[in-house]
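These are the residues of each chain, in order.
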Amino acid sequence: MKFLIRLFLVFAGCCLLPFFVSAQPATLLADTITLDGQNQLVAAGNVQVFQSETALYADKVIYNQATQRLQIEGDIRLFEGDGFVLLASQAEISDDLRNGLLQSARLVLAQQLQLAANEISRVDGRYTQLFQVTASSCQVCGPDQTPLWQIRAKRVVHDEAARQLYFEGAQLRVLDVPLFYLPRLRLPDPTLERATGWLVPRLKTTSLLGTGLKLPYFIALKPDRDLTLTPFVSPNTRTLEFRYRQAFASGDIQIEGAGTSDSILRSQTRGYVFAEGSFNLPRDYNLTFDVEATSDDAYLLDYGYSSKDRLDSAISLMRTEDRRYFETDLVYYESLRSGERNDSLPPIVYDLSYEIRHPEDRFGGNLTSQFYLHAHQRFDDNDVTGRDVVSAHSALLYRQRGVWGPGFEVTSEIGALGSLYQVSQDSNFSDSPIARFVPQARASLSWPLARKMKDGGRLMLTPVLQVAWSEVYGEDVPNEDSQRVEFDEGNWLNFSRATGLDTFETGGRSTAGMSFDYRPSADWALRGFLGRSYAFDAPLETTLSSGLSGKTSDWLFTMQWTRADGLNLINRALFDDDFTFAKNETRLWWSAAHWDVSSSYVFLVEDPGENRATAVSEWTADGRYAINSNWEASAGVRYDFITDRAANASLGFKYTNECVEVNFGLSRRFTSSTTVSPTTDVDVTVSLKGFSTNRSSNSLRRGRCSGILPS
């Protein structure tokens with residue numbers, strides 16, 4: 001008896017050594033393992049075989065040593081590598097599982113795409129051939145249920161190494177209705193992230209271009225670069241879109257654009273190019289650039305590529321250190337606005353800034369030194385309208401902070417700015433260099449007051465009082481960088497509320513305000529600010545709606561109300577003592593698990609100084625609502641109360657399940673100008689999941705049946 005047991009163990013070991021591939025050990029588990037004759041091993045009942053990354057489950061496995069073949073019966077499941085699963089009721093394969101035949105089988109890839117076939121054969125452990133195939137990523141709960149979509153083919157070959165699927169005689173069906181036939185079709189399997197081939201088509205309808213089809217073709221040039229070409233054909237246009245991307249060890253670039261021949265401008269070839277890139281250079285420098293160009297003012301809006309009305313092409317070099325900051329930029333602007341001359345913008349602008357913050361222990365406070373260089377050039381050669389300016393600025397600022405008495409926070413600052421200007425092509429200013437010197441000082445006092453409520457809430461009030469002074473010594477210079485000044489919470493305590501260095505507030509002035517922060521519970525909070533400024537001498541020359549047009553400024557009020565459930569309300573306003581508003585903005589947004597809503601209202605009084613001949617009173621709203629796990633709706637609108645009509649509106653629906661995503665969008669632009677006309681756009685995209693990066697989701701399954709894989 002002992003001899004027979006030893007003989008059985010030796011025979012079983014010899015059988016398992018070649019099992020699967022290589023000399024790697026395999027593990028065989030079963031309810032019973034018996035010898036049938038001299039060359040046959042029979043494993044029955046919950047058979048499990050494991051070797052390397054391969055696992056085989058079956059009801060019964062018969063191994064014939066003479067033929068080196070495996071006969072497998074019952075509920076066969078073969079798992080191999082990353083998401084490769086073979087399911088069958090009967091199979092005969094080689095002992096290394098590299099070759100064989102499976103009957104009434106299914107191939108499941110990455111738990112997304114299922115291919116059912118009458119017969120599946122394995123060839124050399126790399127190729128899996130399927131005959132009379134039905135492929136789909138849709139959930140099918142019973143033998144009589146029809147998937148939402150399916151691809152039927154005479155033959156399918158899956159190349160595991162290339163991770164590609166090759167279809168012969170492919171027919172796409174939706175709800176079992178044939179849509180089109182392709183004699184040959186190649187698709188990536190779900191485990192492949194990048195593969196050359198067609199992407200999801202897009203149906204687009206606009207009132208200008210008619211109904212057309214976009215059919216993107218992705219080309220994986222190399223692992224670090226790719227190109228996407230998208231033909232767009234409709235009754236009124238022939239357009240080829242492109243996008244090129246390349247990654248480098250220290251950065252990346254992307255170039256996109258389009259070329260068009262259409263019926264809108266029949267005598268002109270239209271197009272655009274947008275390019276951008278970013279690179280990390282030695283010594284912690286960062287280089288970024290972007291290029292924007294278009295053939296005509298209306299092209300971007302006509303085709304929905306961008307809503308920009310001024311293009312900017314720029315190159316920037318920047319470095320940020322612990323106590324130093326350096327940045328230099330060169331920008332080229334191109335106006336697309338109706339009635340605006342491009343050569344008067346100015347088109348070319350150059351800036352350089354360098355800032356150093358010196359150690360506090362050396363000077364007893366914060367000492368900051370700054371240097372700025374600015375230049376701009378216009379293409380206009382006429383006097384005044386063609387003015388060019390070069391300026392250099394050097395500033396030194398010293399700041400001290402401390403606490404005094406019963407919790408007063410005292411801040412004092414003193415500084416000076418020296419500037420040198422060279423103005424050309426403007427007879428109103430000297431042709432010789434213009435020097436200016438601006439000393440400035442300020443002191444502020446704040447007193448944070450906090451109170452703790454009985455129920456655990458908190459109230460904090462912080463009154464602030466500041467007195468500031470500055471003066472400009474030297475000749476006047478053209479004001480190019482401070483045309484639009486606004487009194488807001490970001491500059492209310494600045495030395496000067498001007499946005500640039502060409503003009504300053506002069507003389508003495510005082511600013512008083514109070515911030516508040518009220519948190520009665522963890523459920524909601526209210527915070528805000530109220531303040532105003534008074535100029536002892538001549539106020540800053542600003543526009544009527546800036547809030548700083550008189551010696552006494554408008555009241556500046558800000559408020560934010562937040563709730564723990566995601567509701568946020570913000571209001572910001574400028575108004576005088578009679579509560580006449582110059583500017584008012586209110587924004588509300590509410591975000592929850594199944595929906596997002598946002599709305600805003602903006603009011604701006606008419607102001608010729610800001611090129612606003614009439615007041616602005618606009619309301620915008622947009623939102624998203626998940627109707628259920630599959631359906632989502634979205635809508636948006638912008639309404640102009642002055643003209644009493646909508647400026648634009650949009651409506652969208654999206655349906656998503658485990659095997660398909662359908663997007664429908666409808667938008668209308670009602671505004672018009674000399675270069676653009678009102679348009680209506682309709683976009684429809686249908687994406688079949690289960691191929692490449694179009695991942696399916698178990699959470700979006702429509703029912704509770706077993707799904708792609710058996711339980």
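Just above sits the structure.
Values in this document were obtained by computation on a predicted structure and should not be read as measured data.

(A) Seen up close, the overall build of the protein chain. Secondary structure assignment for the protein chain yields three helices and 42 strands. For the protein chain, the C-alpha atoms occupy an extent of roughly 115 × 70 × 50 Å along the three principal directions. Here the protein chain holds 711 residues, and the buried ones make up 38% of them. For the protein chain, the accessible surface area stands at approximately 37100 Å², while carbon and sulfur atoms represent 55% of it. Put simply, the protein chain has 70 plus and 88 minus side-chain charges, and the middle of one group is 7 Å from the middle of the other.

(B) Representation of the packing of aromatic side chains in the model. All chains considered together, the criterion is met by 24 aromatic pairs. Taking 5.9 Å as the distance between ring centres and 85 degrees as the angle between the ring planes, the aromatic pair formed by F50 and Y57 counts as edge-to-face. What makes F50 partly exposed here is its relative accessible area of 28%. A centroid spacing of 5.9 Å and a plane angle of 5 degrees characterise the contact between Y303 and Y305, whose relative ring orientation is stacked. Since its relative accessible area comes to 3%, Y303 is described here as buried. Linked through ring pairs, Y272, F274, Y299, Y303 and Y305 together constitute an aromatic cluster. Between the NZ or CZ atom of R77 and the centre of the ring of Y57, over which it lies, the distance is 5.4 Å. Over the face of the ring belonging to F232 we find K214, whose NZ or CZ atom lies 5.2 Å from the ring centre.

(C) Up close: the nonpolar core. In terms of nonpolar packing, the biggest core is built from 42 residues, with I72, L115 and F167 touching the most fellow members. The element that contributes the greatest number of residues to this core is strand β6 (residues 84-94), accounting for five residues. In this view, F167 contacts A135, I151, A153, R155, V156, P183, R184, L185 and L187; residues no more than four positions away in its chain are not counted. Membership of the second largest hydrophobic core comes to 11 residues, among which are V485, F487, A498 and L540.

(D) Spatial organisation of the environment of S94. Its place among the elements puts S94 in strand β6. For S94 and N64, which are 30 residues apart along the polypeptide, the C-alpha to C-alpha distance reads 9.8 Å. Here S94 is in contact with Q68, R69, L70 and N99, once residues within four sequence places are set aside.

(E) Just the state of the cysteines, in detail. Tallying each qualifying case throughout the model produces one disulfide. Two residues, C138 and C659, share a disulfide whose sulfurs are 2.0 Å apart. Disulfide C138 to C659: torsion about the S-S bond roughly 80 degrees, handedness right-handed. Remark: C659 occurs in the loop between β40 (645-656) and β41 (660-669) and C138 occurs in the loop between β9 (127-136) and β10 (149-159); sequence separation between them is 521 residues.

(F) Structural view of a nonpolar patch on the surface. A cluster of nonpolar side chains, namely Y625, I627, W631, L651, F653, F664 and L666, defines an oily patch on the protein surface of about 620 Å² accessible area. Sorting the residues of the nonpolar patch by element identifies β40 and β41 as the ones contributing at least two each. Within the element layout of this structure, F653 appears in strand β40. On the basis of relative accessible area, F653 is assigned to the partly exposed category, the value being 35%.

(G) Spotlight on unusual backbone geometry. Each neighbour pair has its own omega, and for L345 with P346 the value is 5 degrees, a cis peptide bond. On the secondary structure map, P346 appears in the loop between β23 (324-335) and β24 (348-358). Phi is positive for R283, close to 60 degrees, though the residue is something other than glycine. Looking at the secondary structure, you find R283 in the loop between β20 (270-280) and β21 (286-294). On the basis of relative accessible area, R283 is assigned to the exposed category, the value being 61%. The residue Q425 is not glycine, and still its phi comes out positive at about 60 degrees. If you trace the backbone, Q425 turns up in the loop between β27 (408-424) and β28 (434-446).

(H) Inspection of the pairing of strand β37 (residues 595-604) at higher detail. Pairing analysis gives nine bridges linking strand β36 (residues 581-591) to β37, with the strands arranged antiparallel. Residue pairing in the sheet places S591 in a bridge with D596 of β37. Hairpin connection, β36 to β37: the antiparallel pair is bridged by three residues. Bridge count for β37 against strand β38 (residues 616-626) is 10 bridges, and the pairing is antiparallel. Across the sheet, residue D596 finds its bridge partner in β38, namely R624.

(I) Structural context of the pairing of β23. Two elements, strand β22 (residues 310-320) and β23, share 11 bridges in a ladder whose sense is antiparallel. Following the sheet pairing, R310 is matched in β23 by S335. Where β23 meets β24, nine bridges bridge the pair, whose relative direction is antiparallel. Counterpart to V331 in the pairing with β24 is V349.

(J) Focus on the side chain of Q150. Of note, Q150 is situated in strand β10. At 3.1 Å, the side chain of Q150 forms a polar contact with the side chain of R152. Within the structure, the side chain of Q150 is placed 3.4 Å from the side chain of D176, a separation counted as a polar contact. When residues no more than four places from it in sequence are discounted, the contact partners of Q150 are T134, A135, S136, Q171, L172, R173 and D176.

(K) Spatial organisation of the environment of A117. Following the sequence through the fold, A117 ends up in strand β8 (residues 113-123). The exposure class assigned to A117 is buried, which follows from its relative accessible area of 8%. Sequence separation of A117 and D95 is 22 residues, and the distance between their C-alpha atoms is 23 Å. Beyond its immediate stretch of four places on either side in the chain, A117 contacts S104, A105, L130, F131, Q132 and V133.

(L) Seen up close, the pattern of salt bridges. With the rule as written, the count across this model stands at 43 salt bridges. For E80, the salt bridge identified is with R122, shortest N-O distance 3.1 Å. A residue pair is termed long-range when its members are at least 10 positions apart, and E80 in strand β5 (residues 69-80) and R122 in strand β8 qualify at 42 residues. Close ionic contact of R152 with D176 constitutes a salt bridge, the shortest N to O distance being 3.3 Å. Of this pair, R152 sits in strand β10 while D176 sits in the loop between β11 (164-174) and β12 (177-188), placing them 24 residues apart in sequence. For D176, a relative accessible area of 31% gives the class partly exposed. Salt bridges here are not isolated pairs; linked through shared partners, they connect E486, E489, R572, K583, E610 and R612.

The rules behind these values
Residues numbered from 1 in each chain as written. Predicted model: local features only at pLDDT ≥ 70, side-chain atom pairs only at ≥ 80, totals over all residues. Heavy atoms only, no water. Helix = DSSP H or I, 4+ residues; strand = E, 2+ residues; numbered from the N terminus. Buried < 20%, exposed > 50% of the residue type's maximum accessible area, 1.4 Å probe, protein only. Areas by Shrake-Rupley, 256 points an atom, 1.4 Å probe, with all protein chains shown as cover. Lys, Arg positive; Asp, Glu negative; His and termini not counted. Charge placed at Lys NZ, Arg CZ, Asp CG, Glu CD. Phe/Tyr/Trp six-rings, centres within 6.5 Å; stacked < 30°, edge-to-face > 60°. Lys NZ or Arg CZ within 6 Å of the ring centre and 35° of its normal. Core = buried A, V, L, I, M, F, W, Y, C linked by side-chain atoms within 4.5 Å. Contact = heavy atoms within 4.5 Å. Disulfide = S-S within 2.5 Å. Patch = residues over 30% accessible without salt bridge, like charges linked within 9 Å, V, L, I, M, F, W, Y side chains within 5 Å. Salt bridge = Lys/Arg side-chain N within 4 Å of Asp/Glu carboxyl O. Pairing = 2+ DSSP bridges. Polar contact = N/O pair within 3.5 Å; in protein donor to acceptor, adjacent residues only side chain to side chain.

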